[in-house]
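Descriptive structure summary
Listed below, chain by chain, are the residues.
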Amino acid sequence: MSAALESMPKFELLDPETHQRLRLRAKSDAAPHFVQIVSSEFASAAACCPVLFTKDAASGNFYAGAMFGFKPGESFIHELTARGGFNPLALQRDGFYISGEHIAIDRNNERFSETEGEPLFDDARQPNSCLRQIQRALGQLQAGIEVTNVFIRALADLKLIEPIDVELTFGGELLTLQGLYTVSLDAIRELDDAAALRLLRAGHLQLAYTMNASLKQIPILAQLRNRIVRKITSAT
């Protein structure tokens, strides 16, 4: 079988009978450069990285994400300690999905093994602690996505989402980030009192200001990238 076929998802509904021997390997701290997050994670994310909107390629809908690097394959705060312990729900649940009222797994995900890691089920075929933690993350993520979509729709209806193009220079390399969006504080200031009050009472105003404040993390992330790139360059 080719490597490409091996890496294709193989979805199965999680079942204690079928998956009694299945184990969960410890997950690496490594994170991709942009990870979807939900509104309840904004404050923790903003303390270590930019929080931005982008659009889903398939649906064209906005979703929120934490940016750990400036391009695919790069993540300069990939370690959990470097993120102040912030561990996005989307990373915690990696390999697990909600399918109706059931949990599905991608059997080809490297987290799963029959010989290494913590068993998903105990001898009584009840969820072990690692699986209970995944169940909590899935529940929080599902509820959080719904709440976050309400927040995004409220901003979009009031035309408060604006594109942000970021240009960064690293030595001789010009890096331009496109397809990213943030909240326009200018547009918020122009809202009438009734609209602003609705945002405030819904908790949306606080989230909007948290996102905007997180933009201060972009130059900090750029400085970190510069230091790491210089180290790699000097070592070669």
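Residues numbered from 1 in each chain as written. Predicted model: local features only at pLDDT ≥ 70, side-chain atom pairs only at ≥ 80, totals over all residues. Heavy atoms only, no water.

1. Details of the sheet that holds strand S7 (residues 102-106)
- Pairing within the open sheet is antiparallel, and its three strands lie in the order S1-S7-S6. Each edge of the sheet is formed by a strand with only one pairing partner; in this case those strands are strand S1 (11-13) and strand S6 (96-99). Taking the axes of each pair of neighbouring strands and ignoring which way they run, one obtains an average angle of 35° across the sheet.
- Relative to S7, S1 is paired through three bridges, and the arrangement is antiparallel. Bridge pairing in S7 links Glu12 to Ile105. (Pairing = 2+ DSSP bridges. Helix = DSSP H or I, 4+ residues; strand = E, 2+ residues; numbered from the N terminus. Axes fitted to C-alpha atoms, helices over the stretch in contact; angles between N-to-C directions.)

2. As for the nonpolar core
- By size, the foremost hydrophobic cluster in this structure holds 52 residues, and its most contacted members are Phe42, Phe53, Met67, Phe68, Phe70, Phe151 and Ile188.
- Not counting chain neighbours up to four residues away, the residues in contact with Phe53 comprise Phe62, Tyr63, Ala64, Phe151, Ile152, Leu155, Ile161, Gly179, Leu180, Tyr181, Val183 and Met211.
- Judged by nonpolar contacts, the second largest core, of 13 residues, contains Leu24, Ile103, Ile105 and Ile134. (Core = buried A, V, L, I, M, F, W, Y, C linked by side-chain atoms within 4.5 Å. Buried < 20%, exposed > 50% of the residue type's maximum accessible area, 1.4 Å probe, protein only. Contact = heavy atoms within 4.5 Å.)

3. Notes on the packing of aromatic side chains
- All told, the structure shown has eight aromatic pairs when counted by the stated rule.
- Where Phe62 meets Tyr181, the ring centres are 4.9 Å apart and the plane angle is 80°; that geometry is what we call edge-to-face. Taken together, the residues span a long stretch of sequence, with Phe62 in strand S5 (residues 62-67) and Tyr181 in strand S13 (residues 181-183) at a distance of 119 residues.
- Ring centres of Phe68 and Phe86 lie 6.5 Å apart, and the angle between their planes is 65°; on these two criteria the pair is classed as edge-to-face. Here Phe68 is found in the loop between S5 and helix H3 (89-92), whereas its partner Phe86 is found in the loop between S5 and H3, with 18 residues between them in sequence.
- One aromatic cluster in this structure is built from Phe42, Phe53, Phe62, Phe151 and Tyr181.
- Its guanidinium or amino end placed over the ring of Phe68, Arg83 lies 5.1 Å from that ring's centre, counting from NZ or CZ. (Phe/Tyr/Trp six-rings, centres within 6.5 Å; stacked < 30°, edge-to-face > 60°. Lys NZ or Arg CZ within 6 Å of the ring centre and 35° of its normal.)

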